[in-house]
Amino acid sequence: MELHSCALRATRWFPSTLNCTRSRIPQSTTECLRNPSQRPFSTAVPLQARRDGNKNRGISAIRSSGARNIPRGSVTLKDVQRPVYKDQSETELNEKHGLWGFFNVERTALSTPEQDNMHGRAWKPWELRKKSFEDLHALWWICMKERNRIFTERHTRERLEPGFGEVEAAWRDADVRRTMKMIKKTLTERHNVWTDAYHLAQKDPEIQWKEDDDGNWSPSLKSPAAFGYEDVESEASKDASSSGDLEGETDKLAPNQAQEDSTAGKSRPRNLL
Amino acid sequence: MREKLDPNYQAEQEALRAAREQAKADADAERLRAKLESIGIPEAPFFMGQKEVYLPNIRIALLKTPQHPPSFAKFLVPLTWNKLDLRDYLWNVYGVHAVRVRVYVQLQRVRMDKPREKYPAARRWFRPQSKKFMTIEMDEPFYWPPDPEDFVEWDKDTFDAANKTKIKERDSRMPIGAMEKPAGAADLRALAKKFVTGSEKWTPPTDPFGLDRHLKK
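Calculation criteria
Residues numbered from 1 in each chain as written. Chains lettered and ligands numbered in written order. Predicted model: local features only at pLDDT ≥ 70, side-chain atom pairs only at ≥ 80, totals over all residues. Heavy atoms only, no water. Helix = DSSP H or I, 4+ residues; strand = E, 2+ residues; numbered from the N terminus. Buried < 20%, exposed > 50% of the residue type's maximum accessible area, 1.4 Å probe, protein only. Contact = heavy atoms within 4.5 Å. Areas by Shrake-Rupley, 256 points an atom, 1.4 Å probe, with all protein chains shown as cover. Phe/Tyr/Trp six-rings, centres within 6.5 Å; stacked < 30°, edge-to-face > 60°. Lys NZ or Arg CZ within 6 Å of the ring centre and 35° of its normal. Pairing = 2+ DSSP bridges. Axes fitted to C-alpha atoms, helices over the stretch in contact; angles between N-to-C directions. Salt bridge = Lys/Arg side-chain N within 4 Å of Asp/Glu carboxyl O. Buried area = accessible area lost by both parts, 1.4 Å probe. Polar contact = N/O pair within 3.5 Å; in protein donor to acceptor, adjacent residues only side chain to side chain. Nonpolar A, V, L, I, M, F, W, Y, C, P; charged D, E, K, R; others polar. Expected span 1.5 Å × (residues − 1). Patch = residues over 30% accessible without salt bridge, like charges linked within 9 Å, V, L, I, M, F, W, Y side chains within 5 Å. Lys, Arg positive; Asp, Glu negative; His and termini not counted. Charge placed at Lys NZ, Arg CZ, Asp CG, Glu CD.

### Remarks on the overall build of chain A
Next up, step 1: Per the secondary structure count, chain A includes nine helices and zero strands.
Next up, step 2: Starting at the N terminus and walking to the C terminus, you meet the elements of chain A as α-α-α-α-α-α-α-α-α.
Next up, step 3: Within chain A, buried positions represent 25% of all 273 residues.
Next up, step 4: Here the analysis covers contacts within chain A between residues at least 6 apart in sequence; of these, 60% occur between residues at least 24 apart.
Next up, step 5: Per element, the accessible surface of chain A, about 20,600 Å² overall, is 54% carbon and sulfur.

### Remarks on the overall build of chain B
Next up, step 1: Along chain B, the regular secondary structure elements total seven helices and six strands.
Next up, step 2: Sequence-distant contacts, at least 24 apart, represent 56% of the contacts inside chain B between residues at least 6 apart.
Next up, step 3: When the accessible surface of chain B is summed, it comes to about 17,000 Å², and 55% of that surface belongs to carbon and sulfur atoms.

### A word on the packing of aromatic side chains
Next up, step 1: This model, assessed by the stated rule, comprises 14 aromatic pairs over all chains.
Next up, step 2: With centroids separated by 6.4 Å and ring planes inclined at 55°, the aromatic side chains of B:Tyr89 and B:Tyr94 adopt a geometry described as tilted.
Next up, step 3: Classification of B:Tyr89 as buried rests on a relative accessible area of 8%.
Next up, step 4: An aromatic cluster is defined as three or more aromatic residues linked by ring pairs; in this entry it consists of A:Phe102, A:Trp141, B:Phe75, B:Trp81, B:Tyr89 and B:Tyr94.
Next up, step 5: Across the ring face of B:Tyr104, the terminal group of A:Arg63 is positioned such that the distance to the ring centre comes to 4.5 Å.
Next up, step 6: The ring of A:Phe151 has B:Arg59 sitting right over it, with the charged end atom 4.2 Å from the ring centre.

### Looking at the sheet that holds strand β1 (residues 61–63) of chain B
Remark on secondary structure: sheet strands pair via backbone hydrogen bonds, oriented parallel or antiparallel.
Next up, step 1: The strand order β1-β2-β6-β3 (chain B) describes an open sheet built from four strands, whose pairing is antiparallel. Every other strand in the sheet has two partners, leaving β1 and β3 (98–106) of chain B as the edge strands with one partner each. Within this sheet the neighbouring strands show an average axis-to-axis angle of 30°, counted without direction.
Next up, step 2: Looking at chain direction, β1(B) and strand β2 (residues 72–77) of chain B are connected through three bridges and run antiparallel. Bridge pairing in β2(B) places B:Leu63 opposite B:Lys74.
Next up, step 3: The strands touched by helix α6 (residues 133–160) of chain A are β1 and β2 of chain B; relative to β1(B), the strand with the most contacts, the crossing angle is about 35°.

### So, unusual backbone geometry
Next up, step 1: Unusually for a residue other than glycine, A:Glu161 sits at a positive phi of about 50°.
Next up, step 2: Tracing the backbone through its elements, the reader meets A:Glu161 in the loop between α6 and α7 (166–203).
Next up, step 3: The phi angle at B:Arg123 is positive, at roughly 60°, despite the residue not being glycine.
Next up, step 4: Looking at B:Arg123, the relative accessible area reads 69%, which means it is exposed.

### Digging into the pattern of salt bridges
Next up, step 1: Under the definition given, this model contains 25 salt bridges over all chains.
Next up, step 2: We note a salt bridge from A:Arg121 to A:Glu127, for which the minimum N-O separation is 2.7 Å.
Next up, step 3: Exposure remark for A:Arg121: the relative accessible area of 52% places this residue in the exposed category.
Next up, step 4: A salt bridge links B:Asp113 to B:Arg124; the nearest nitrogen and oxygen atoms lie 3.8 Å apart. Of this pair, B:Asp113 sits in the loop between β4 (111–112) and β5 (125–126) while B:Arg124 is found in the loop between β4 and β5, placing the two residues eleven residues apart along the sequence.

### A short note on the interface of chain A and chain B
Next up, step 1: Facing 46 residues of chain A, the contacting portion of chain B comprises 43 residues.
Next up, step 2: Taken over both partners, the interface formed by chain A and chain B buries close to 4,300 Å², and the fraction arising from carbon and sulfur atoms is 66%.
Next up, step 3: Here chain A is connected to chain B by two salt bridges.
Next up, step 4: Ionic pairing is found between A:Asp173 and B:Arg59, a salt bridge with its closest N-O pair at 3.8 Å.
Next up, step 5: The interface formed by chain A and chain B includes 14 residue pairs in polar contact (both at pLDDT 80 or more).
Next up, step 6: Contributions of two or more residues to the side of chain A that touches chain B are made by α4 (113–117), α6 and α7 of chain A.
Next up, step 7: Counting residues per element, the side of chain A that touches chain B draws most heavily on α6(A), at 15 residues.
Next up, step 8: Here the side of chain A that touches chain B is composed, by residue class, of 20 nonpolar, 15 polar and eleven charged.

### Overview of helix α6 (residues 185–197) of chain B
All names here are of chain B.
Next up, step 1: Between its first and last C-alpha, α6 extends 19 Å over 13 residues, near the 18 Å set by a 1.5 Å rise per residue.
Next up, step 2: Counting buried residues in α6 gives zero out of 13 residues, a small share hidden from the surface.
Next up, step 3: Gly198, located one to two residues past α6, shows a positive phi value of around 95°.

### Re a negative patch on the surface
Next up, step 1: A surface patch of like charges, here negative, comprises A:Glu114, B:Glu149, B:Asp150 and B:Glu153.
Next up, step 2: Position of B:Asp150 among the secondary structure elements: in the loop between β6 (131–138) and α4 (156–172).
Next up, step 3: Of the residues examined, B:Asp150 reaches a relative accessible area of 47% and is grouped as partly exposed.

### Digging into the environment of B:Gly40
Next up, step 1: Secondary-structure assignment places B:Gly40 in the loop between α2 (9–39) and β1.
Next up, step 2: As for B:Gly40 and B:Asn92, which are separated by 52 residues in sequence, their C-alpha atoms are 9.4 Å apart.

### Thoughts on a nonpolar patch on the surface
All names here are of chain B.
Next up, step 1: Judged by side-chain polarity, Leu79, Val103 and Val105 come together as a nonpolar surface patch covering roughly 200 Å² of accessible area.
Next up, step 2: The residue Leu79 is located in the loop between β2 and α3 (83–94) in this model.
Next up, step 3: Leu79 sits in the partly exposed class, given a relative accessible area of 34%.

Take a look at the structure:
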């Protein structure tokens, strides 16, 4: 009894004494796998780093990883035929290739500072206010492509280190960005005006939001919900259903008002939108 | 009532709902197709993304890769993009058909303090945002225009000379500048050695302050 307790105490205070007599317990799964002597007996399939069974994992054609699965010695580097790319002078240049959009009009690798400086000012808001949304949208994408071109040339400049010209490209980019800012400003203004007009029209008694018996109504806006605003018609029907007997009266309310207005010599229901 | 009697009711309803959703998706795709055709973008040989983005504010760069075949093109793209974004973007904006896309995200080196910090502090580490590169495989090869032969237009000589002077001036104001020997140090050393050995005798300068000129007047 006393001996046993002594052994326990020794184990507690000097764990290394036990390791001398007994085989060491593996500390982790990785250690188990690496050292066959430490590996416990198991019938399970051993773990792999990637368990998808892809033999070609890690082999890349463009990242020079090498062909791992070919046995060493069977093929040497001399046996491998190196790819020969066609020289640019031998092939016909594809003039219509889309990637020319990343270059300037002269289609050179890098614009000179003089070429970069040849530009006017950014668009002004009073010029953009006259344009339709389609025009503004097209102008936005022209600006996007121009910025891509300048960004591409920035990387070309880092590669070639040609000298001056960085500032001119930055000025050009700033003007393009100013134009884009003005486009957003114009569209925001337009949206705000539209919102104001919508809320004003809701309060206007001349405007007839609900269809009358003859099928006339104005403005000829089919569904306000399509524009992200609350549906006036559905709200009106909700009110009508809650009020019950007043359903007929609410239907007639708007046409009556319109008739009164027209009889009073005022304008007909306006088509605001 | 039919729900309880007919065991196939649930499945039928689900099939109907699926058909309705499919019809809606088809109609949306058709509407988008018509819209793109009105702009002049031909129908893509792949499934085009259905999300309409009107005013994005991003930019991508085309990078030169002489190590790749001419049908490959490499782009630096926003970190938020995926392969499908680039494929649809190139088709709609540039009319380029990317047959395959490969992505590589490059982690940037850790550097001292944030960029453009006035007094960069030591041990305040900053890692710039990773860069995402995408390499596409195109159906048609594209050859880059040749690099300029000389950089006269960019005034490279002046630029390099100015840069060299700037670096020299900067280093002279730093502690490392004080460690460097002044110009002509070797000549002075050789002259001093001659005086010590006696091969040459030192004589005081005849007119150290240049007063002769004034006295003659």
